[in-house]
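Tertiary structure, described
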Amino acid sequence: QVQLVESGGGLVQSGGSLRLSCAASRSIANIYFMAWYRQAPGKQRELVAGITSGGITNYEDSVKGRFTISRDNAKNMVYLQMNSLKPEDTAVYYCNTMWGGRSYWGQGTQVTVSS
C-alpha cells in the first residue's frame, strides 16, 4: 500500500504562488508515475500534472508555463509549484499514483484563489 498526504494549500490572491507537497509512506523511487489532480466544485476531477520516474513531465494545457511538478525520490516527496495563480485554479488538489495495480489518492488540499 501507499499512503499519500498532501499539504501546502491555502488562500492566495490572483497572481500569487503556492507550493503543494505530497508525502508518500513508502519509497517512490521505483514508482513510475506520480501525478497531481484537481477537482473544482461541480466539475470532474482532472489531471493537472504528471511526472515519471525518469523526470518526464506533462501538464494540462491551462497550467503550462505556470505550474511545475517535481519529485524527490530520496525524500519520497512530490511537489507542485504553482505560480501566476488564477481564480479558475481554485479546487481541491489531490496527489495520485498507481502501484501494484491499484490507484492511490491523498485526502486532498484546498487551494482558493481570490480575484
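Each chain has its residues counted from 1, running along the sequence as written. Under the rules for a predicted model, residues below a pLDDT of 70 receive no local features and side-chain atom pairs below 80 are neither given nor counted, while totals for whole chains, interfaces and linings still include all residues. For the side-chain quantities, the full set of heavy atoms in the structure was used; hydrogens and water were omitted.

Another point: the packing of aromatic side chains. A pair of Phe, Tyr and Trp rings is counted when the ring centres sit within 6.5 Å of each other, with Trp represented by its six-membered ring. The angle between the planes then sorts it: under 30 degrees is stacked, over 60 is edge-to-face, the rest tilted. Applying the stated rule across the entire model yields two aromatic pairs. Seen from their ring centres, tyrosine 37 and tryptophan 105 are 4.9 Å apart, and the 65 degrees between their planes marks the pair as edge-to-face. Residue tyrosine 37 is found in strand 4 (residues 33-39), and its partner tryptophan 105 is found in strand 10 (residues 102-105); the two are separated by 68 residues along the sequence. Buried residues are those whose accessible area, probed at 1.4 Å on protein chains only, stays under 20% of the maximum for their type, while exposed residues exceed 50% and partly exposed ones sit between those limits. You can call tryptophan 105 partly exposed: its relative accessible area is 35%. Look at tyrosine 94 and tryptophan 105: their rings are 6.3 Å apart centre to centre, the planes differ by 90 degrees, and that puts the pair in the edge-to-face class. Residue tyrosine 94 is located in strand 9 (residues 91-99), and its partner tryptophan 105 is located in strand 10; the two are separated by eleven residues in the primary sequence. Judged by relative accessible area, tyrosine 94 falls into the buried class, the value being 13%. Members of the aromatic cluster, joined through ring pairs, are Tyr37, Tyr94 and Trp105. Our definition puts a charge over a ring when NZ of Lys or CZ of Arg is within 6 Å of the ring centre and also within 35 degrees of the ring normal. When the ring centre of tyrosine 94 is taken as reference, the NZ or CZ atom of arginine 45 above it lies at 3.8 Å. Over the aromatic face of tryptophan 105 sits the side chain of arginine 45, whose NZ or CZ is 4.5 Å from the ring centroid. Counting from the N terminus, the helices are DSSP H or I runs at least four residues long and the strands are E runs at least two residues long.

Bringing the sheet that holds strand 8 (residues 77-82) into the picture now. Strands were regarded as paired on the criterion that DSSP finds at least two bridges between them. Within the open sheet, the four strands sit side by side as 1-3-8-7. Their pairing is antiparallel. The strands lining the two open edges of the sheet, one partner per strand, are strand 1 (4-7) and strand 7 (67-72). When strand polarity is set aside, the average angle formed by the axes of neighbouring strands in this sheet is 15 degrees. Note on method: axes are straight lines fitted to C-alpha atoms, helices fitted across the in-contact stretch only, with angles between N-to-C directions ranging 0 to 180 degrees.

Shape descriptors only; they carry no functional weight alone.
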